[in-house]
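Summary of structural features
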Amino acid sequence: MKPVLQALLLADRVYEDKATGKKIVAGIFQRLFFKRPEDFKAELEKQGITSVPGGLHAGSPYAYVSLTDVRGKQPFALRYVDLAEGKPVFEAKFTVSCDDPLKTVEVIAPLPLLPTVKAGTYALELLWNDEPLGSFRVTVEEMHIQGPP
C-alpha cells in the first residue's frame, strides 16, 4: 500500500520543541531570486551604491515532510527538478521506518542551496519507489536592485 503524503513544505528552518516533539516550520517560501553577477555589479555602480545590500543569499533550506500509512521500512527520494527541462537538479534518497501505519511520520531534511542561475519554475518532489507522491513548486525570478531612497 502506498504511503500518504500529508505535507511537503520548503522552509528556511524547521525547529523541534524537544519537550513536546512539535515541529516549528519557519520561513516557508515558494519564490527565489537571483541576479547575474555582472549585471549586479554594474547596477550597483550606476546607482552609486558602494556596499552590497543584505539579504541576497539565503542559507540552505529544509524540506518538511509529513507521511502516514508508512508500513515497515520504505524507500523515498526528494528531487529538485527544473520543470522547463524536465531534468532533476539534485536528488536525495532516504528510508523511513514505521511500525504502525496509523502513525504520522515527520521528516526534516536539510537540503543543499537551491540553484538560482536562471529564471524558471522548479519543483521539490517526493517519490516513493520512484513514484511521485507530491510536489512543492518554486519560482525563480531575476531580482532588480533598488538604490537607497
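See the structure shown above.
To start, this report covers the structure provided alongside it. Small disclaimer: the values here were computed from a predicted structure and weren't measured.

**Thoughts on the sheet that holds strand S5 (residues 72–82)**
Pairing is mixed across the open sheet formed by five strands, whose spatial order is S3-S9-S8-S5-S6. Either end of the sheet is taken by a strand with one partner, and the two such strands are strand S3 (31–34) and strand S6 (87–98). The sheet shows a mean angle of 20 degrees between the axes of neighbouring strands, taken without regard to direction. Where S5 lies against S6, eleven bridges are found, and the strand directions are antiparallel. For Pro 75, the partnering residue across the bridge sits in S6 and is Thr 95.

**As for the sheet that holds strand S1 (residues 4–16)**
In any sheet, the strands associate via hydrogen bonds between backbone groups, in a parallel or an antiparallel arrangement. Strand order across the open sheet formed by four strands is S2-S1-S4-S7, with antiparallel pairing between neighbours. This sheet does not close on itself; its edge strands, each paired only once, are strand S2 (23–28) and strand S7 (105–110). Pairs of neighbouring strands in the sheet enclose a mean axial angle of 45 degrees, with direction left out of account. Pairing of strand S4 (residues 62–68) with S7, which is carried by six bridges, proceeds in the antiparallel orientation. Counterpart to Ala 63 in the pairing with S7 is Ala 109.

**A few points about the environment of Thr 116**
Secondary-structure assignment places Thr 116 in the loop between S7 and strand S8 (120–128). In this structure Thr 116 comes out as partly exposed when scored by relative accessible area, which is 26%. Residues Thr 116 and Glu 141 lie 25 residues apart in sequence; the distance between their C-alpha atoms is 8.4 Å.

**Structural notes on the environment of Val 96**
Relative to the helices and strands, Val 96 is located in strand S6. For Val 96, a relative accessible area of 6% corresponds to the buried category. Considered as a pair, Val 96 and Gln 74 are 22 residues apart in the sequence and their alpha carbons are 5.3 Å apart.

Calculation rules
- Residues numbered from 1 in each chain as written.
- Predicted model: local features only at pLDDT ≥ 70, side-chain atom pairs only at ≥ 80, totals over all residues.
- Heavy atoms only, no water.
- Pairing = 2+ DSSP bridges.
- Helix = DSSP H or I, 4+ residues; strand = E, 2+ residues; numbered from the N terminus.
- Axes fitted to C-alpha atoms, helices over the stretch in contact; angles between N-to-C directions.
- Buried < 20%, exposed > 50% of the residue type's maximum accessible area, 1.4 Å probe, protein only.

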